[in-house]
Amino acid sequence: MKYRITLLFLLLFLKTFSQDDDKTKGLFYKISIAGTLTTNENFELGNPDSEGLIILNAFFFNNTFGLQIDGRFSAGLNLEYEGHLKQNLNFLPAYVSLRYVLFEYEDNFFIRGGYGRLLKLNDNFERGGFYKAGLGFQIYDADYRNSFLIGLDFTRKQFGFLRQDKISSVSIFLEFEVF
């Protein structure tokens with residue numbers, strides 16, 4: 001069994017780095033920033049000292065190392081920092097993600113998902129489970145090599161004693177992908 005898995009990874013590696021005219025295959029690195037927005041409960045119309053009507057509720061920084069298998073499908077290993085300001089919570093999810101392009105044009109429309117664990121580095125971070133689902137657009141540069149991704153993600157985190165505490169959020173993301 002180990003021999004078959006090793007052979008499968010070797011064939012995938014050779015296919016990835018073989019001479020191919022398609023520039024969107026191979027290893028990539030992606031960096032991302034995202035945020036969730038909420039309405040300000042203390043907003044006062046006409047008060048210049050009041051914060052805006054829409055405020056940042058949480059922010060996310062993500063690093064992804066991945067493999068673009070073909071023009072439509074990619075997989076990645078992710079490490080992300082999530083800071084929830086209102087709840088004063090910090091999360092460090094490590095997860096596997098998959099992305100599939102639904103409509104392939106000059107720019108792509110995709111869906112994606114991810115599943116993993118919340119790592120507890122110290123007392124400031126929570127331990128638990130994590131999953132994510134999203135959709136967005138991938139906009140390539142002139143060489144069809146690097147791209148920007150923009151879209152929406154739904155994230156669910158379960159943590160605390162017996163994972164009884166849960167946070168769900170919808171975030172807006174902006175990512176830069178380099179081949």
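Since we're looking at a predicted model, the values are computed, not measured.

**Quick look at the overall build of the protein**
Here comes step 1: From N to C terminus, the protein includes one helix and nine strands.
Here comes step 2: Ordered by position in the sequence, the α and β elements of the protein form the string α-β-β-β-β-β-β-β-β-β.
Here comes step 3: Scored against the burial criterion, the 179 residues of the protein give a buried share of 36%.
Here comes step 4: Here the analysis covers contacts within the protein between residues at least 6 apart in sequence; of these, 53% occur between residues at least 24 apart.
Here comes step 5: Carbon and sulfur atoms provide 63% of the accessible area of the protein, an area that totals close to 11,400 Å².

**Concerning the side chain of Arg99**
Here comes step 1: Among the secondary structure elements, Arg99 is positioned in strand E5 (residues 93–104).
Here comes step 2: In contact with Arg99, other than residues within four places in its own chain, are Lys30, Gln68, Arg72, Phe73, Ser74, Phe110, Ile111, Arg112, Gln138, Leu149 and Glu177.

**Observations concerning the packing of aromatic side chains**
For any pair of aromatic rings, the description consists of the separation of the ring centres together with the inter-plane angle of the planes.
Here comes step 1: Tallied over the full model, the rule gives 11 aromatic pairs.
Here comes step 2: Arranged with centres 5.7 Å apart and planes meeting at 65°, the rings of Phe59 and Phe61 form a pair that is edge-to-face.
Here comes step 3: Judged by centre distance (5.3 Å) and plane angle (55°), the ring pair of Phe109 and Phe137 falls under tilted. With Phe109 in strand E6 (residues 108–118) and Phe137 in strand E7 (residues 128–140), this residue pair connects regions lying 28 residues apart in the sequence.
Here comes step 4: Here a set of aromatic residues connected by ring pairs shows up, and it is made of Phe59, Phe61, Tyr81 and Phe125.
Here comes step 5: In this structure, Arg99 is placed above the aromatic ring of Phe28, and the distance from its NZ or CZ to the ring centre is 5.8 Å.

**A word on the environment of Ile139**
Here comes step 1: Along the chain, the position of Ile139 falls in strand E7.
Here comes step 2: Ile139 sits 33 residues away from Glu106 along the chain, and the two C-alpha atoms are 7.8 Å apart.
Here comes step 3: For Ile139, the contacting residues outside a window of four places in its chain are Asp107, Asn146, Ser147 and Phe148.

**A word on unusual backbone geometry**
Here comes step 1: Phi angles above zero are rare outside glycine, and Asn88 is one such case at about 55°.
Here comes step 2: Relative to the helices and strands, Asn88 is located in the loop between strand E3 (73–84) and strand E4 (89–91).

Rules of the game
Residues numbered from 1 in each chain as written. Predicted model: local features only at pLDDT ≥ 70, side-chain atom pairs only at ≥ 80, totals over all residues. Heavy atoms only, no water. Helix = DSSP H or I, 4+ residues; strand = E, 2+ residues; numbered from the N terminus. Buried < 20%, exposed > 50% of the residue type's maximum accessible area, 1.4 Å probe, protein only. Contact = heavy atoms within 4.5 Å. Areas by Shrake-Rupley, 256 points an atom, 1.4 Å probe, with all protein chains shown as cover. Phe/Tyr/Trp six-rings, centres within 6.5 Å; stacked < 30°, edge-to-face > 60°. Lys NZ or Arg CZ within 6 Å of the ring centre and 35° of its normal.

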